[in-house]
Number of protein chains: 2
Amino acid sequence: MFINSDRDFAFYLLTILLIFSTQRGCCDAQSFKYETKEFEVPLDHFNFAINTTFKLRYLYNDSYIDKQSGKTPLFFYTGNEGDIESFAQNTGFMWELAKDNRACVVFAEHRYYGKSLPFGNSTFNDSKNYGYLSVEQALEDYALLIADLQQKFNYAPVIAFGGSYGGMLSAWFRMKYPHLVQGALAASAPIRQFNGMTSCDIFAKITTSVFASTYKNRTCSANIKKSWDLFKQMASTDEGKKKLNTEFLFCNPIKTDADLDKFFDYLEDVYGSLAMVNYPYSNDFLSPLPAYPVRQFCSYLQNLQTGDSLFESMKKAINVYFNFTGSASCLDYKSAFDPASIGGDAWEIQTCNQMVMPMCNTPDTMFRVKEWNFKKEAEKCVDKYHIEPKLNDITIRYGGRNLRDTSNIIFSNGLLDPWSGGGVLQTDNPYIYIIIIPEGAHHLDLRSSNDNDPPSVVQARVHESAIIKKWIDDFHW
Amino acid sequence: MFINSDRDFAFYLLTILLIFSTQRGCCDAQSFKYETKEFEVPLDHFNFAINTTFKLRYLYNDSYIDKQSGKTPLFFYTGNEGDIESFAQNTGFMWELAKDNRACVVFAEHRYYGKSLPFGNSTFNDSKNYGYLSVEQALEDYALLIADLQQKFNYAPVIAFGGSYGGMLSAWFRMKYPHLVQGALAASAPIRQFNGMTSCDIFAKITTSVFASTYKNRTCSANIKKSWDLFKQMASTDEGKKKLNTEFLFCNPIKTDADLDKFFDYLEDVYGSLAMVNYPYSNDFLSPLPAYPVRQFCSYLQNLQTGDSLFESMKKAINVYFNFTGSASCLDYKSAFDPASIGGDAWEIQTCNQMVMPMCNTPDTMFRVKEWNFKKEAEKCVDKYHIEPKLNDITIRYGGRNLRDTSNIIFSNGLLDPWSGGGVLQTDNPYIYIIIIPEGAHHLDLRSSNDNDPPSVVQARVHESAIIKKWIDDFHW
């Protein structure tokens, strides 16, 4: 019954990315300064019979540049699915590098996000309006903005930066516009999380492994796996249901199987999110969290447990996410991860047009078993957005596993990050740089340096910095 | 008065390309065989809210392939501005190579040309319909067709071929889809004939040089240059006008200055065309022509002449183009190079959206002096097609002079070809191959081997064949 949930795993995991990216982190709390600017771009870069334009927002800081120098690099963040200001505040490493390299800094907002809405408040009112939301249109926005800045200020070379979907964009940008972008740092960019390239259960497997390996005997993930049946059993009696509703402080009490299913979806979101933000210092991306939140979560589940004991421990563990500070009033499992609550349908539309990333849970993971069913996903997209997803679109456009004919891209991945499974972890192309961060979660390297950073991320940044410096040194017009 | 003709030099020169490409050549008369197939493609590859599709025509021949082999190359012609069958019949070298390499052969038709009309007979009735005509849409058509053929038949590697605009497409295809295309032969592809990259008078200069150097003392081009004033003077009197009309067998007699201007446009078209098809054997692309038609033309102009003598000589010379066989009934200067008479507005629309190739004539050429005036061109495009041309579009998308980060493209250019000036004639990228054919006109190398071929084109084909063989040998999945 719960296995074939109506809610789509692929969507909610990607939604996490969105939430993750749009919230501000505690630990990049130093507020980076910039001017907020606008750049007029064609609504449709591929249709010359349409003259409509709209304003793309970007953030600009030229305070580090050396005006006497003949070479001023431009560090360009290829904005992803969220408000661009949050990326600017949470990508401290790029600011550190810009200072070192006396670069101009630009964070460009992705169309359909933040304040860069082509149709203003009506952007998501009509399926016709969605038609101009795609990777290709976004990359053309960035290309025009760079060409304009270069024409005015002669900035060069340009280095692209991005994390997560933004990392994909920075990699694809270098692939398609190498004449504009000298190199790209693509952090935690799962460009291989597409049909036929990566097993669909890789996210679930890595998440399970992170939870399992936190304490000995893999008790944490084993307990989580058992908890589904426990909760289900409790929800099958009035008494159990009452206990669930009371103890978990649900904003909306569980009444039906569908409610329980939503709660389970919420829990799966929580586990994926905890793995992604399993950072070495406390942060409040999703909710206030301690350092290494998975360890904190699992600390309550160090022994195999059953029944009431398992329930009590799970409750404490889930509180790490839901109510670490003790100030939460109720647990809103229905909308905590709802895209609508965090600013629009844009990402869900992208997963319905070309960003089709197959996701499933196999029995050897701690998640509920769930198959990948493209047909069903496609039907949902047609119902909701009148868009037919194209399963192989990204692979045909960007080349899938074949990275032979590109260069100057750094793919960095933290092994604690569930998205690393879809990342680029090996290559025989000497101009593609693979950086593995064993102690890193989701694009930890892009964040500001922190005293609590593990050695592997410190080393990764040193390596990344050296490569980027070399790109700059090697550049000539 | 004539200098600022209403007729646009850029357009008519490009129109020549079209005519050139859509007529069948006498000397590739062996008829190559193929199946005619159709492939359904999205009308808009960049807008997922539009589900409309149409059928792209392509020609297919798998008769050369070795079914026992583990590696079957696909030779893929990236169709340009014309009916794809004419390209198939006039690209004999690709068939020769396919036989040698046991390759499958595909000629794909460019959308909006030939039978690949997205809106059938209404394609050019409404400016909204033009919106899906662009380089990017065409390349995506080709990418999907290749992906489909590969999925069905496992063809690999893919080598792209093209001449003229088709050569630009094959080069850009390799640049943007290197994961699909192992290499490209881009013959006479003026990818640098865009704003800021090449002097706008280069076409006129090379044409002048070809006419000037055919006989000693540069008399041929000098006489042509003088002929403008002569004709103008004749047209200023009733008697002179009558002589012009009678002697030239005009279908529509010259009555006004505008008529005379149209005749001058026609002559400039003729001169450019003669230089392009200045082949070592007789051909009937544009009209039946002798071998080396420029030499034949100039044979009448070996001495500097004036007055009646110049008129008589020019008449004989022009007859080389207009009436070599003596069977033409009248000279139709008004529509001989009219795009409408040769199948639609598609190329003119492309020059009005992104294919903006600046053209001008300077006083040191044999042409009438003409400035490049983008503003005026743009106004004409808006008037006629409601499209605002984008002057730098191609450069931003495809990189202009910067070819550092691409590979496996052969750029071949004949030095007798006026388009060679906008071609790639040098590079410091060791994976870009420059082949110069001193005795070659417009993509002579792509045509079938011929006993009259000059040594430089024979050598060019040997070189091209070796490079392509190496790409095939080096390829592995």
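Residues numbered from 1 in each chain as written. Chains lettered and ligands numbered in written order. Predicted model: local features only at pLDDT ≥ 70, side-chain atom pairs only at ≥ 80, totals over all residues. Heavy atoms only, no water.

- The name recorded for chain A in an unreviewed UniProt entry is Lysosomal Pro-X carboxypeptidase, from Lucilia cuprina.
- Quoted verbatim from the Catalytic activity (unreviewed entry) field of UniProt, the annotation for chain A is "Cleavage of a -Pro-|-Xaa bond to release a C-terminal amino acid."
- One UniProt comment on chain A, placed under Subunit (unreviewed entry), says "Homodimer." (UniProt positions renumbered as here; feature names shortened; annotations may be inferred.)

1. A closer look at the overall build of chain A
So, point 1. The secondary structure content of chain A amounts to 15 helices and eight strands.
So, point 2. Within chain A, the fraction of its 477 residues that count as buried is 62%.
So, point 3. When the accessible surface of chain A is summed, it comes to about 17200 Å², and 49% of that surface belongs to carbon and sulfur atoms.
So, point 4. The distance from the centre of the 46 positive side-chain charges to the centre of the 55 negative ones in chain A is 2 Å. (Helix = DSSP H or I, 4+ residues; strand = E, 2+ residues; numbered from the N terminus. Buried < 20%, exposed > 50% of the residue type's maximum accessible area, 1.4 Å probe, protein only. Areas by Shrake-Rupley, 256 points an atom, 1.4 Å probe, with all protein chains shown as cover. Lys, Arg positive; Asp, Glu negative; His and termini not counted. Charge placed at Lys NZ, Arg CZ, Asp CG, Glu CD.)

2. A short note on helix α11 (residues 307-322) of chain B
So, point 1. With 16 residues, α11 of chain B extends 22 Å between its outermost C-alpha atoms, agreeing within 8% with the 22 Å of an ideal straight helix rising 1.5 Å per residue.
So, point 2. Among the structural elements, α7 (219-235), α8 (238-247), α9 (257-276) and α10 (293-298) of chain B are those in contact with the buried residues of α11 of chain B. (Expected span 1.5 Å × (residues − 1). Contact = heavy atoms within 4.5 Å.)

3. Focus on the pattern of salt bridges
So, point 1. Following the criterion strictly, the structure yields 52 salt bridges over all chains and no others.
So, point 2. One salt bridge connects D405 of chain B with R174 of chain A, and the closest N-O pair in it is separated by 3.0 Å. With D405 of chain B in the loop between α14 (393-398) and β7 (409-414) and R174 of chain A in helix α5 (residues 165-176), the pair connects residues from two separate chains.
So, point 3. On the basis of relative accessible area, D405 of chain B is assigned to the partly exposed category, the value being 30%.
So, point 4. Under the relative-accessibility criterion, R174 of chain A is labelled buried at 1%.
So, point 5. One salt bridge connects K375 of chain B with E379 of chain B, and the closest N-O pair in it is separated by 3.5 Å. Of this pair, K375 of chain B and E379 of chain B both sit in helix α13 (residues 374-385), four residues apart, which is roughly one turn of that helix.
So, point 6. Among the residues examined, K375 of chain B registers a relative accessible area of 59% and is labelled exposed.
So, point 7. Overall, E379 of chain B belongs to the partly exposed group, its relative accessible area being 41%. (Salt bridge = Lys/Arg side-chain N within 4 Å of Asp/Glu carboxyl O.)

4. Some details on unusual backbone geometry
So, point 1. Here the amide bond leading from A156 of chain A into P157 of chain A is cis, since omega sits at -5°, within 30 degrees of zero.
So, point 2. Structurally, P157 of chain A is set in the loop between α4 (135-153) and β5 (158-163).
So, point 3. At H443 of chain A, a residue that is not glycine, the phi angle is positive and equals roughly 30°.
So, point 4. Its location among the elements puts H443 of chain A in the loop between β8 (432-437) and α15 (455-474).
So, point 5. For H443 of chain A, a relative accessible area of 11% gives the class buried.
So, point 6. Even without being a glycine, N217 of chain B presents a positive backbone phi close to 70°.
So, point 7. By secondary structure assignment, the location of N217 of chain B is in the loop between α6 (202-212) and α7.

5. Let's talk about helix α12 (residues 346-353) of chain A
Structural remark: α-helix, 3.6 residues per turn; residues separated by three or four positions point the same way.
So, point 1. Of all the eight residues making up α12 of chain A, eight are buried; the element is thus mostly covered by neighbouring parts of the structure.
So, point 2. All of the buried residues in α12 of chain A are A346, W347, E348, I349, Q350, T351, C352 and N353 of chain A.

6. Considerations on the domain arrangement of chain A
Residue and element names in this part refer to chain A.
So, point 1. Along its sequence, chain A is carved into domain 1 (35-192 + 401-474) and domain 2 (198-399).
So, point 2. Look at where the C-alpha atoms of domain 1 and domain 2 centre, and you get two points 29 Å apart.
So, point 3. If you look at the interface, domain 1 gives 40 residues, while domain 2 gives 33 residues.
So, point 4. Buried surface at the junction of domain 1 and domain 2, both sides included, amounts to about 3100 Å², of which 63% is carbon and sulfur.
So, point 5. Contact with domain 2 buries surface across domain 1, with Y130, P418 and W419 losing the most and accounting together for 19% of the total.
So, point 6. At the junction of domain 1 with domain 2, the criterion picks out one salt bridge.
So, point 7. Between R397 and E136 there is a salt bridge, with its nearest N and O atoms 3.5 Å apart.
So, point 8. Run the count over domain 1 and domain 2 and you get 14 residue pairs in polar contact (both at pLDDT 80 or more).
So, point 9. Only α4 and α5 provide two or more residues apiece to the side of domain 1 that touches domain 2. (Domains from an automatic or database assignment. Buried area = accessible area lost by both parts, 1.4 Å probe. Polar contact = N/O pair within 3.5 Å; in protein donor to acceptor, adjacent residues only side chain to side chain.)

7. Focus: the packing of helix α9 (residues 257-276) of chain A against helix α11 (residues 307-322) of chain A
All names here are of chain A.
So, point 1. Where α9 meets α11, the axes come as close as 11 Å, and the angle between the chain directions of the two elements is 65°. In the packing of α9 onto α11, the handedness of the crossing is left-handed. In contact with Y266, L267, V270, Y271, S273 and L274 of α9, α11 contributes M314, I318, Y321 and F322. (Axes fitted to C-alpha atoms, helices over the stretch in contact; angles between N-to-C directions. Left-handed = near helix turned anticlockwise from the far one by under 90°.)

8. A closer look at empty space enclosed by the protein
So, point 1. Applying the stated criterion across every chain yields a total of eight cavities of 30 Å³ or more.
So, point 2. Reported here for the largest cavity is a volume of approximately 240 Å³.
So, point 3. Along its surface, the largest cavity is lined by 16 residues, and F46, K176 and Y177 of chain A together with F46 and K176 of chain B are the ones closest to its centre.
So, point 4. Sorting the residues of the lining of the largest cavity by element identifies α4 and α14 (393-398) of chain A together with α4 (135-153) and α14 of chain B as the ones contributing at least two each.
So, point 5. In terms of residue class, the lining of the largest cavity is made up of eight nonpolar, no polar and eight charged. (1 Å grid on protein atoms, 1.4 Å probe; cavity = no way out; pocket = protein on both sides within 12 Å on 5 of 7 lines; lining within 4 Å. Points joined across faces, edges and corners; volume = space filled by probe spheres on them. Nonpolar A, V, L, I, M, F, W, Y, C, P; charged D, E, K, R; others polar.)

9. Examining a nonpolar patch on the surface
So, point 1. Residues L415, L425 and I436 of chain A make up a contiguous nonpolar surface patch of roughly 220 Å² in combined accessible area.
So, point 2. Since its relative accessible area comes to 35%, I436 of chain A is described here as partly exposed. (Patch = residues over 30% accessible without salt bridge, like charges linked within 9 Å, V, L, I, M, F, W, Y side chains within 5 Å.)

10. Examining the packing of aromatic side chains
So, point 1. For the coordinates displayed, the defined rule picks out 82 aromatic pairs over all chains.
So, point 2. The rings of F211, W228, F231, F248, F250, F263, F264, Y266, Y271, F297, F311 and Y333 of chain A are connected pair by pair, giving a single aromatic cluster.
So, point 3. Here the basic side chain of K176 of chain A rests over the ring of Y177 of chain B, its NZ or CZ set 4.3 Å away from the ring centre.
So, point 4. Geometry around W228 of chain A places R368 of chain A over its ring, the cationic atom sitting 5.5 Å from the centre. (Phe/Tyr/Trp six-rings, centres within 6.5 Å; stacked < 30°, edge-to-face > 60°. Lys NZ or Arg CZ within 6 Å of the ring centre and 35° of its normal.)

11. So, the pairing of strand β6 (residues 183-187) of chain B
All names here are of chain B.
So, point 1. Of all five residues in β6, five are buried; the element is thus mostly enclosed.
So, point 2. Relative to β6, strand β5 (residues 158-163) runs parallel, the two being bridged by five bridges. Bridge assignment links A160 to a residue of β6, and that residue is A184.
So, point 3. The parallel pair β5 and β6 is bridged by helix α5 (residues 165-176), and the resulting crossover is right-handed. (Pairing = 2+ DSSP bridges. Right-handed = clockwise from strand over helix to strand, strands pointing away.)

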